[in-house]
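# Descriptive structure summary
The chain contents come next:
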Amino acid sequence: MGLSRLDNLYRQMILEHAAHPHHHGTLENAEHQLELRNPTCGDVLTVQVAMKEDKVSDVAFSGSGCTISQASASMMTDEVIGKTPAQIEQMVMTFSKMVTGDSKDNIDDILGDAAILEGVAQFPARIKCAMLAWKAIYQVIENSNDESSIGLMRHDEL
Amino acid sequence: MVKKMNKQLIEDFPILDQKVNDERLVYLDNAATTQKPRAVIEAVANYYYHDNANVHRGVHTLAERATAQFEGVRKKVAHFINAPSEQEIIYTKGTTEALNWVAASYGRTFVKPGDEIVISYMEHHSNLVPWQILAKKNGATLKYIDLLSDGQLDIESAKKQITDKTAIVSVAHASNVLGVINPVAELAKIAHKHGAIMVVDGAQSTPHMKIDVQALDIDFFAFSGHKLMAPTGIGILWGKSELLEQMPPLEFGGEMIDWVQLQETTFKKAPWKFEGGTQNIAGVVGLGAAIDYLESIGMEKIESYEKSLIASILPELLKITGLEIYGPLDPAKRTGIISFNLKGLHPHDVATALDMEGVAIRAGHHCAQPLMEYLNVAATARASFYLYNTIEDGQRLVEAIRATKEFFKNGIV
């Protein structure tokens, strides 16, 4: 079989996002910021968010990581701009269910291009890499939105 | 001869006879844990089939058999590391627990405010965090010995860091990342000259070379069973008896007591005063079988085989452009651990790709985050060999790395 199965994980679009990540850097007008570590590999990811009229108006991420974590962060930033905290919470839950192999319901509608990361479900050791940026945005949004109905997801949970 | 020894050996390890992702499994994650030979698996099964009972407590035949095996392995371990007495051999869960006990029992009792604890930059978290916690608790200072540019311990730095204020020096015998073997006998001399004790983390050395705690002239030595073909959950703390006698027990309860009254309790002598509660008896039996297995081959032979294996694989790896190897490149100075990075690729991506080729390696910080920072890398890939690995396994590793490079052609990160 060899490396051919790798194509399921490292789709062309994923490789492109990893090589040229979108919204990589820092925001000058960041209102919320969070640094998350992946304790299994030591990767660090910082996510910054600016809000306008209860929607994410801008977002940026920085830090080092593997192809999957960098591509996932890049795609996350593309998808959350213009979304409300409630929408982002739904996206994170949908993404989490997708990469853990739990459910693929509505992934294209809810996640847009990030649905291409569904292949991660076949590589359980890499779920944490894919989840890191989504956990970070979730916690940023949670911290900025005290009225949220969903409890804070702990960083060592999936 | 080496090749023949190896062919027979592989048949002793049923787990190695399988395909992973349609390729023959090449298991190169031995620094994390090793595979178990039939002799070990059967010893554990036979113990449960025929002899299972709690030790020391019963007067019935099974209890006597279980106790005889349990205490017999203590003797075997003492012989294995050339300890002067089996009463200096304490059963633990593994190296982590053993080192924690030295820090929590000896350390908290004898380290005074203003004292120094000296370790190195290459320590595994289990030989770092317990000392950090102890230093904070007792008001001591934690100091680090530098490394040379090739990853070897800088003995000149050790001479500077270890002073008359130093109470404890604790260093890995062999690094779990760099594969380098540290001059612990020399460090022990320096430590003793200043009145400090010498603790050695033997997790990555004991499986691969003959250990002689008396020749090293150290004070404590810790290792794990599962890294030398024994089951998980069993390890050893060896300590000089005069130190063990002064150390308070950490876990109180069944089996470790001498006499319990309503308000006062006296404890057994070492090692039993440290072994509260029912022990991992099956693990101990498995450890005994693993030691028998290794000694039937001979630790010197194992060491020389692994050295020859690494000597043949390292040059092949070095031919791969963009591949960086951490630690000294002279096989005489290292164990079977090879940590590396491929330029432009994150080690997690490398490990996933190698797994698709049936080659099992580790990627990450290897529980040595301060070392990663010292090396200025986020993480590394790590291939680690043991005596059942062959030159062909090394070739498979090289081929899989080449294929990975090809797959990710221009680099990603």
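Let us look at the structure shown here.

### Some words on the overall build of chain B
In terms of regular secondary structure, chain B is built from 14 helices and 17 strands. Along the three orthogonal principal directions, the C-alpha set of chain B runs to about 75 × 55 × 35 Å. Sequence separation of 24 or more characterises 71% of the internal contacts of chain B that already satisfy a separation of 6 or more. Put simply, chain B shows about 16600 Å² of open surface, and 53% of that area lies on carbon and sulfur atoms. Across chain B, the mean location of the 41 positive side-chain charges is 2 Å away from that of the 49 negative side-chain charges.

### Details of the layout of surface pockets
Approximately 400 Å³ is the volume found for the largest pocket. Contributing to the lining of the largest pocket are 16 residues, with A125 and R126 of chain A together with A351, T352 and I361 of chain B lying nearest its centre. A total of 5 residues in the lining of the largest pocket trace back to one element, the largest contributor, which is helix α12 (residues 347–356) of chain B. Taken together, the residues of the lining of the largest pocket sort by class into 9 nonpolar, 4 polar and 3 charged.

### Observations concerning empty space enclosed by the protein
Residues and elements named next belong to chain B. Inspection of the entire model under this criterion finds 3 cavities of 30 Å³ or more. Taken as a whole, the largest cavity spans an internal volume of roughly 40 Å³. Lining the largest cavity are I181, H208, M209, E303, E306, K307, R334 and T335.

### Overview of the pattern of salt bridges
All names here are of chain B. Within this structure, the stated rule accounts for 17 salt bridges over all chains. The residue R24 makes a salt bridge to D393 at a minimum N-O spacing of 3.1 Å. With R24 in strand β2 (residues 23–24) and D393 in helix α14 (residues 391–407), this residue pair connects regions lying 369 residues apart in the sequence. For R24, a relative accessible area of 38% translates into the label partly exposed. By relative accessible area, which is 4% here, D393 ends up buried. Through salt bridges that share partners, E71, R74 and E275 make up one connected network.

### Topic: the state of the cysteines
Residues and elements named next belong to chain A. Following the criterion strictly, the structure yields 0 disulfides over all chains and no others. Left without a disulfide partner, C129 is nearest to the cysteine sulfur of C66, which lies 3.8 Å away. Judged by relative accessible area, C129 falls into the buried class, the value being 2%.

### A few points about the interface of chain B and chain A
Contacts between chain B and chain A engage 21 residues on the former and 24 residues on the latter. When the two sides are added together, the surface that chain B and chain A hide from each other amounts to roughly 1800 Å², 61% of it contributed by carbon and sulfur. Counting every contact that joins chain B to chain A gives 1 salt bridge. Of the charged contacts, one joins D349 of chain B and R126 of chain A as a salt bridge, the two residues approaching to 2.9 Å between their closest N and O atoms. Taken together, the connections running from chain B to chain A amount to 7 residue pairs in polar contact (both at pLDDT 80 or more). Among the residues making up the side of chain B that touches chain A, the classes are represented as 9 nonpolar, 8 polar and 4 charged.

Criteria and cut-off values
- Residues numbered from 1 in each chain as written.
- Chains lettered and ligands numbered in written order.
- Predicted model: local features only at pLDDT ≥ 70, side-chain atom pairs only at ≥ 80, totals over all residues.
- Heavy atoms only, no water.
- Helix = DSSP H or I, 4+ residues; strand = E, 2+ residues; numbered from the N terminus.
- Contact = heavy atoms within 4.5 Å.
- Areas by Shrake-Rupley, 256 points an atom, 1.4 Å probe, with all protein chains shown as cover.
- Lys, Arg positive; Asp, Glu negative; His and termini not counted.
- Charge placed at Lys NZ, Arg CZ, Asp CG, Glu CD.
- 1 Å grid on protein atoms, 1.4 Å probe; cavity = no way out; pocket = protein on both sides within 12 Å on 5 of 7 lines; lining within 4 Å.
- Points joined across faces, edges and corners; volume = space filled by probe spheres on them.
- Nonpolar A, V, L, I, M, F, W, Y, C, P; charged D, E, K, R; others polar.
- Salt bridge = Lys/Arg side-chain N within 4 Å of Asp/Glu carboxyl O.
- Buried < 20%, exposed > 50% of the residue type's maximum accessible area, 1.4 Å probe, protein only.
- Disulfide = S-S within 2.5 Å.
- Buried area = accessible area lost by both parts, 1.4 Å probe.
- Polar contact = N/O pair within 3.5 Å; in protein donor to acceptor, adjacent residues only side chain to side chain.

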